[in-house]
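Examining the three-dimensional arrangement
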Amino acid sequence: MKKILFFLFILITTVTSSQTDKKAFVYGGQITKEFIKYTANLTTKEKPKICFLPTATADNQRYINYWYELCSDLDIEPKVMTVWINSSTQKQTFEEILLEMDAIIVGGGNTLNMLAIWKAQKIDAALQKAYEKGIVMAGGSAGSLCWFNAGTTDSRPKELTIVKGLGFLNYSHCPHYHSEKSRKPLYHQNILDKKLTNGYACDDRSGILFINGKVKNSVSLDSESFSYYVYEENGKIIEEKLHTEIIR
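Let me sum up the structure you'll find in this document. (Residues numbered from 1 in each chain as written. Predicted model: local features only at pLDDT ≥ 70, side-chain atom pairs only at ≥ 80, totals over all residues. Heavy atoms only, no water.)

A word on the nonpolar core. By size, the foremost hydrophobic cluster in this structure holds 37 residues, and its most contacted members are Ile 104 and Leu 127. A total of 5 residues in this core trace back to one element, the largest contributor, which is helix α6 (residues 123-133). Leave out the neighbours within four places in its chain, and Leu 127 touches Leu 53, Leu 98, Ile 104, Trp 118, Met 137, Trp 147, Leu 166 and Phe 168. (Core = buried A, V, L, I, M, F, W, Y, C linked by side-chain atoms within 4.5 Å. Buried < 20%, exposed > 50% of the residue type's maximum accessible area, 1.4 Å probe, protein only. Helix = DSSP H or I, 4+ residues; strand = E, 2+ residues; numbered from the N terminus. Contact = heavy atoms within 4.5 Å.)

Printed below as a string of structure tokens:
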């Protein structure tokens, strides 16, 4: 009996220790060198392969050039995955590309169009596999909103509307929390109206690290930017400012 219990203990310990942490790092605004460095450190690799997805800006070349410029003096292997491709020049599937990476960073732009393309190309499913594998997911603006269950977007004409995300993080989200005046009050109202679940908001220069779906850390590029947990309680909105670590 003791031998059986011992082997069961070893088996459980082995399975538990082999479980891969699922990491997501989201920030409220556009990509910066500091956020890339932070993402790279999350991989725990010496020279991580980090893939940039500029889908939300229709693979804009200036955005791609800016990515390479930011990465030029970082100890990483920068990659880009574009979706406006031709079969004759694309020798790997999108899934094969993504599963080779140590981290994936999604750029800003039109969230709704990006998600529609991802679904049509089955990139959403590939990203899910990458996330489950332990590849770090990251991004800001459209690149942060996409990981949550839903949030407000400027992807449609005239006004901010709700868009459903991939749901890797089971909360709602609001990027650009204080930089765009309409974002905060609309986010609050949508939570009060039960159109959105309780969730997390980020200023442009602030971000949140989630590990296995739970908040692990909040970081900022300056002392004026923060992230928040926003929730409804007794018919009122409660906004909790997260403790923030300033990174360089």
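Turning to the sheet that holds strand β14 (residues 245-246), a few remarks are in order. The sheet built from 8 strands is open, its strands ordered β3-β2-β4-β5-β1-β10-β11-β14 with mixed pairing. For this open sheet the edge positions go to β3 (77-80) and β14, each flanked by a neighbour on one side alone. Relative to β3, strand β2 (residues 49-53) runs parallel, the two sharing 4 bridges. Note on β3: the bridge partner recorded for Ile 50 is Pro 78. Each of β1 (23-27), β2, β4 (103-106), β5 (136-140), β10 (206-211) and β11 (214-220) touches helix α2 (residues 33-43); the most contacted strand, β1, lies at about 170 degrees to it. Helix-sheet contacts for helix α3 (residues 61-71) involve β2, β3 and β4, and the interaxial angle to β3 is about 175 degrees. (Pairing = 2+ DSSP bridges. Axes fitted to C-alpha atoms, helices over the stretch in contact; angles between N-to-C directions.)

What follows is about the packing of helix α5 (residues 111-121) against α6. Where α5 contacts α6, the two axes come as close as 5 Å, and the packing angle between them is 85 degrees. As summarised for this structure, α5 and α6 are arranged roughly perpendicular, according to the angle between their axes. Each of Trp 118, Lys 119 and Gln 121 in α5 lies in contact with α6, whose residues at this interface are Ile 123, Asp 124 and Leu 127. Classifying every residue of the contact of α5 with α6 by side-chain character gives 3 nonpolar, 1 polar and 2 charged. (Parallel < 35°, antiparallel > 145°, perpendicular 65-115°, else oblique. Nonpolar A, V, L, I, M, F, W, Y, C, P; charged D, E, K, R; others polar.)

Attention now goes to the pattern of salt bridges. Going through the model one piece at a time under the given rule, you end up with 11 salt bridges. For Lys 129, the salt bridge goes to Glu 95, with nearest N and O atoms at 3.2 Å. Of this pair, Lys 129 sits in helix α6 while Glu 95 sits in helix α4 (residues 94-99); the two residues are 34 residues apart in sequence, bridging distant segments of the chain. A relative accessible area of 44% means that Lys 129 is categorised as partly exposed. Arg 205 is the partner of Asp 222 in a salt bridge, and the nearest nitrogen-oxygen pair spans 2.7 Å. Taken as a pair, Asp 222 in the loop between β11 and β12 (227-233) and Arg 205 in the loop between β9 (199-202) and β10 lie far apart in primary sequence, 17 residues in all. Taken together, the shared-partner salt bridges in this structure form one network comprising Asp 154, Glu 180 and Arg 183. (Salt bridge = Lys/Arg side-chain N within 4 Å of Asp/Glu carboxyl O.)

Looking only at α6, the buried set comprises Ile 123, Ala 126, Leu 127, Ala 130 and Tyr 131. Buried residues of α6, viewed axially, fall in a sector of 140 degrees; they line one side. Gly 134 lies just past α6 and shows a positive phi near 105 degrees. (Arc of directions from axis to C-beta.)

With that settled, consider unusual backbone geometry. Of note in the backbone geometry, Lys 158 takes a positive phi value of approximately 80 degrees without being a glycine. Judged by its relative accessible area of 88%, Lys 158 falls in the exposed class. Of note, His 176 is a non-glycine position whose phi angle comes to about 50 degrees, a positive value. With respect to the secondary-structure elements, His 176 resides in the loop between β8 (169-174) and α8 (183-192).

Moving on: α8. Inspection of α8 places Arg 183, Tyr 187, His 188, Asn 190 and Ile 191 among the buried residues, and these make up the whole buried set. Burial along α8 is one-sided: seen end-on, the buried residues are contained in an arc of 165 degrees. Next to the buried residues of α8 lie β6 (148-153), β7 (161-164), β8, β9, β12 and β13 (236-241). Among the residues trailing α8, Lys 194 stands out with phi positive, at a value near 65 degrees.

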